[in-house]
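Here's the letter readout for the chains.
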Amino acid sequence: MTTGPDTTHPDPTRTPGGGLRTGVWLIGARGSVATTAVAGCAAVAAGLQPTTGMVTETAPFADSALPALGDLVFGGHDTATTPLPKRAEALTAEGVLPHGLPDAVRAELTAADDAIRPGGPQPGDTRGDDELIDAFAHDLDAFVRTHRLARAVVVNVASTEPAPAAGGDRLPPSSLYASAALRAGCPYVNFTPSTGLHHPRLRGEAARSGLPYAGRDGKTGQTLLRSVLAPMFAQRALPVRAWSGTNLLGGGDGAALADPAAAAAKNAGKARVLADTLGELPDGRLHIDNVPALGDWKTAWDHVAFEGFLGSRMVLQTIWQGCDSALAAPLVLDLARLTARAHEAGLTGPLTELGFYFKDPDGGPSGLADQYTALTGFAARLRERS
């Protein structure tokens, strides 16, 4: 993984191997997902770990001219202060990262941490929205210049925030960062349920920017499974009478989603998958419970009540147990590479073909199989432009 500028090559935006230096600017850069993405990218680029979970490393994406993992340069914004090497050590203790990995990629973690800038707004910050956006955009500009990058993609992996109140006079933090990305000329990906570019005040700005963007809310576990199962019921003409679910999780996400307003924002994307596929939202509730002892691990249950031939009542139950950061990190790397390549290819506006990765995508089909077809078609489109 590239850790600094190259001053010897004739084209400073290219590595000695000829690849383009591509920035990945992470909002929530010291969180579990970001730390896992940075450490994982370094490990895979060095050949220390396989590419498990990275769709962009499969055959349909060969020759699509995506930036190489070794050409990615990381930085970001965060209000947290724990350095990435220490954060990686904590994730290793929780069983998220393999033993020994933080030491093996310490240089890359340190380089990324050195590029992290203070996020906000912090308590007591008297700056208005425009001042904050300017400051964040300045950090992005400096990142691109310092590391001599061809471009940088902003990816929001921060904790979920509540939906903004109607008529509020301030932008939520996710929208401040999204606006800063547009102001700095950077493509944007929202991997969270937070508002980001979906704020009414930013829609026109996004349309005029000429930049590609994608989101929102990464599909990593329970909703991934729902996007597979819901089309099955629809295609087999089996009416779903009720669909209920429960999530148990800890870590930063668990703490953030203990706020009912944040949980409501999260659940909206989960519900949309069912409503879009089944034609209506079935009865049933979805609960999210914070269990701090689980750390970065989560368990999700689903209970589906459906009707069979001659009115027979049937039930499908599923259990999903997984490590959220390990599920999310390869998708973050995929999205950064795909969006950077889309920008290089001159594509603009919402990248609907990336709906495969999101609970609440910017258009396109809702079933996973159809989304995958759209995604591989997008890879072919990029290949034609290479």
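As the structure is a computational prediction, the values presented were derived from the model and not from experiment.

On to the overall build of the chain. Of regular secondary structure, the chain possesses 12 helices and 11 strands. Radius of gyration (C-alpha) of the chain: 21 Å, near the 21 Å computed for a compact globule of 386 residues. In the chain, buried positions account for 53% of the 386 residues. Taking the intrachain contacts of the chain between residues at least 6 apart in sequence as the baseline, contacts between residues at least 24 apart amount to 79%. For the chain, the accessible area works out to roughly 16000 Å², and carbon and sulfur atoms hold 54% of it. Charged side chains of the chain number 33 positive and 40 negative; the gap between the two group centres comes to 3 Å.

The next point concerns helix α4 (residues 106–114). Listed in full, the buried residues belonging to α4 are Glu108, Leu109, Ala111, Ala112 and Asp113. Check the buried side of α4 and you find it contacts α1 (32–45), β2 (72–78), α2 (84–93), α3 (101–104) and β3 (116–118).

As a further point, take the pattern of salt bridges. With the rule as written, the count across this model stands at 18 salt bridges. Residue Arg183 is joined to Asp130 by a salt bridge in which the shortest nitrogen-to-oxygen separation is 3.0 Å. Note that Arg183 is positioned in helix α6 (residues 173–183) and Asp130 in helix α5 (residues 129–146), a separation of 53 residues in sequence. Of the residues examined, Asp130 reaches a relative accessible area of 45% and is grouped as partly exposed. Asp276 serves as the salt-bridge partner of Arg272, at 2.9 Å between the closest nitrogen and oxygen. Placement of both Arg272 and Asp276 in helix α10 (residues 260–278) is noted, with a separation of 4 residues, approximately one turn of the helix.

What follows deals with the pairing of strand β7 (residues 240–249). Here β7 pairs with strand β9 (residues 297–307) via 9 bridges, running antiparallel. Residue pairing in the sheet places Ala242 in a bridge with Ala305 of β9. Across 5 bridges, the pairing between β7 and strand β8 (residues 286–290) is parallel. Residue pairing for β8: Leu248 is matched across the bridge by Asp289.

With that out of the way, let us pick up the sheet that holds strand β10 (residues 313–323). Strand order in the open sheet formed by 4 strands is β8-β7-β9-β10, and the pairing between neighbours is mixed. In this open sheet, the two edge strands, each paired with only one partner strand, are β8 and β10. Within the sheet, the average angular offset between the axes of one strand and its neighbour, ignoring direction, is 10°. Packing against the sheet, helix α8 (residues 222–235) makes contact with β7, β8, β9 and β10, and its axis sits at approximately 170° to β7. Across the face of the sheet, helix α11 (residues 324–344) comes into contact with β9 and β10 while running at roughly 80° to β10.

So, about the packing of aromatic side chains. Applying the stated criterion across every chain yields a total of 6 aromatic pairs. Measuring from centroid to centroid gives 4.9 Å for Trp25 and Phe143, while their planes differ by 55°, and the two rings are tilted. A residue pair is termed long-range when its members are at least 10 positions apart, and Trp25 in strand β1 (residues 22–27) and Phe143 in helix α5 qualify at 118 residues. Relative to Tyr177, the ring of Phe136 lies with its centre 4.6 Å away and its plane at 25°, an arrangement referred to as stacked. Placement of Phe136 in helix α5 and of Tyr177 in helix α6 is noted, with a sequence separation of 41 residues between them. Following the ring pairs from residue to residue traces out a cluster consisting of Phe233, Trp243 and Phe306.

This part is about the side chain of Thr22. Residue position: Thr22 is located in strand β1. When its relative accessible area of 2% is taken as the criterion, Thr22 is described as buried. Discounting residues that sit within four places of it in the chain, Thr22 has contacts with Pro67, Asp71, Leu72, Val73, Leu149, Arg151 and Ala340.

Turning our eyes to something else, we now look at the sheet that holds strand β5 (residues 188–190). A sheet is described by the order of its strands in space; here 7 strands give the open sequence β3-β2-β1-β4-β5-β6-β11, paired in parallel fashion. Among the strands making up the open sheet, the edge pair consists of β3 and β11 (349–350). Here β2 pairs with β3 via 3 bridges, running parallel. Looking at the pairing, Asp78 lines up with Pro118 of β3.

Let us look at the packing of α6 against helix α7 (residues 200–209). Between α6 and α7, the shortest axis-to-axis distance is 10 Å and the interhelical angle comes to 25°. In terms of orientation, α6 lies roughly parallel with respect to α7. Along this stretch, α6 crosses α7, giving a crossing that reads as left-handed. Facing α6, whose interface residues are Ser175, Ala178, Ser179 and Leu182, α7 presents Leu202, Glu205, Ala206 and Ser209.

The rules we used
- Residues numbered from 1 in each chain as written.
- Predicted model: local features only at pLDDT ≥ 70, side-chain atom pairs only at ≥ 80, totals over all residues.
- Heavy atoms only, no water.
- Helix = DSSP H or I, 4+ residues; strand = E, 2+ residues; numbered from the N terminus.
- Rg over C-alpha atoms; globule rule 2.2 N^0.38 Å.
- Buried < 20%, exposed > 50% of the residue type's maximum accessible area, 1.4 Å probe, protein only.
- Contact = heavy atoms within 4.5 Å.
- Areas by Shrake-Rupley, 256 points an atom, 1.4 Å probe, with all protein chains shown as cover.
- Lys, Arg positive; Asp, Glu negative; His and termini not counted.
- Charge placed at Lys NZ, Arg CZ, Asp CG, Glu CD.
- Salt bridge = Lys/Arg side-chain N within 4 Å of Asp/Glu carboxyl O.
- Pairing = 2+ DSSP bridges.
- Axes fitted to C-alpha atoms, helices over the stretch in contact; angles between N-to-C directions.
- Phe/Tyr/Trp six-rings, centres within 6.5 Å; stacked < 30°, edge-to-face > 60°.
- Parallel < 35°, antiparallel > 145°, perpendicular 65-115°, else oblique.
- Left-handed = near helix turned anticlockwise from the far one by under 90°.

In short, the description is geometric, and any link to function would need to be established separately.
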